[in-house]
Amino acid sequence: KEAMVDIDIKPKPLQPHWYERYVQPCVAELLGSALFIFIGCLSVVEDTEGTGRLQPALAHGLALGLTIAILGDI
């Protein structure tokens, strides 16, 4: 009887709601792509001669890092 008391029976994890399974990843993908493209396009609107290729590269890299940090857990 003591061996039976020590065993903890864990319930099966519930399946996620349909919203968390289908809608939330699609909305996260839409927002992430929109943020990435919007910031990337804004980085080249005012193209000064001194920045060259560095400004768009940094803007895209920071936008990607920000998107992953915000939406990565979804």
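About the thresholds
- Residues numbered from 1 in each chain as written.
- Predicted model: local features only at pLDDT ≥ 70, side-chain atom pairs only at ≥ 80, totals over all residues.
- Heavy atoms only, no water.
- UniProt positions renumbered as here; feature names shortened; annotations may be inferred.
- pLDDT = per-residue confidence, 0-100.
- Helix = DSSP H or I, 4+ residues; strand = E, 2+ residues; numbered from the N terminus.
- Buried < 20%, exposed > 50% of the residue type's maximum accessible area, 1.4 Å probe, protein only.
- Polar contact = N/O pair within 3.5 Å; in protein donor to acceptor, adjacent residues only side chain to side chain.
- Contact = heavy atoms within 4.5 Å.
- Patch = residues over 30% accessible without salt bridge, like charges linked within 9 Å, V, L, I, M, F, W, Y side chains within 5 Å.
- Areas by Shrake-Rupley, 256 points an atom, 1.4 Å probe, with all protein chains shown as cover.
- Salt bridge = Lys/Arg side-chain N within 4 Å of Asp/Glu carboxyl O.
- Phe/Tyr/Trp six-rings, centres within 6.5 Å; stacked < 30°, edge-to-face > 60°.
- Expected span 1.5 Å × (residues − 1).
- Bend = angle between axes of the 7 residues up to and from the residue.

With an unreviewed UniProt entry as reference, the protein is termed AQP8 protein, source organism Cepphus grylle. Regarding the protein, the UniProt comment filed under Subcellular location (unreviewed entry) reads as follows: "Membrane".

Draft legend 1. The arrangement of the confidence of the model for the protein in detail. A residue-level look at the protein finds 85% of positions with pLDDT of 70 or above and a mean pLDDT of 80. The spread of mean pLDDT over the elements of the protein runs between helix α1 (residues 2-6), the lowest at 54, and helix α2 (residues 18-43), the highest at 88.

Draft legend 2. Structural detail: the environment of I68. Looking at where I68 falls in the secondary structure, it is placed in helix α3 (residues 54-71). Among the residues examined, I68 registers a relative accessible area of 54% and is labelled exposed. The sequence separation of I68 and G32 amounts to 36 residues, and the corresponding C-alpha distance is 8.1 Å.

Draft legend 3. Spatial organisation of the side chain of S43. Topologically, S43 is positioned in helix α2. For S43, a relative accessible area of 7% gives the class buried. At 2.6 Å, the side chain of S43 forms a polar contact with the backbone oxygen of G40. If sequence neighbours within four positions are ignored, S43 has contacts with Q55, P56 and A59.

Draft legend 4. Just a nonpolar patch on the surface, in detail. A cluster of nonpolar side chains, namely F36, I37, L64 and I68, defines an oily patch on the protein surface of about 370 Å² accessible area. Of all elements in the fold, only α2 and α3 reach the threshold of two or more residues within the nonpolar patch. Along the polypeptide, I37 turns up in helix α2. Residue I37 is classed as exposed on the basis of its relative accessible area, which comes to 52%.

Draft legend 5. Representation of the packing of aromatic side chains. Scanning the model with the defined rule gives one aromatic pair in all. The interplanar angle of 85° and the centroid separation of 6.4 Å between the aromatic rings of W18 and Y19 together place this pair among those described as edge-to-face.

Draft legend 6. Representation of α2 in the model. Over its 26 residues, α2 extends 37 Å from the first C-alpha to the last, a length consistent with the 38 Å expected when each residue adds 1.5 Å. At Q24, α2 shows its strongest bend, of approximately 35°, with the proline P25 following within four residues. Restricting attention to buried positions, one finds in α2 the residues A28, G32, G40 and S43. Buried residues along α2 sit in contact with α3.

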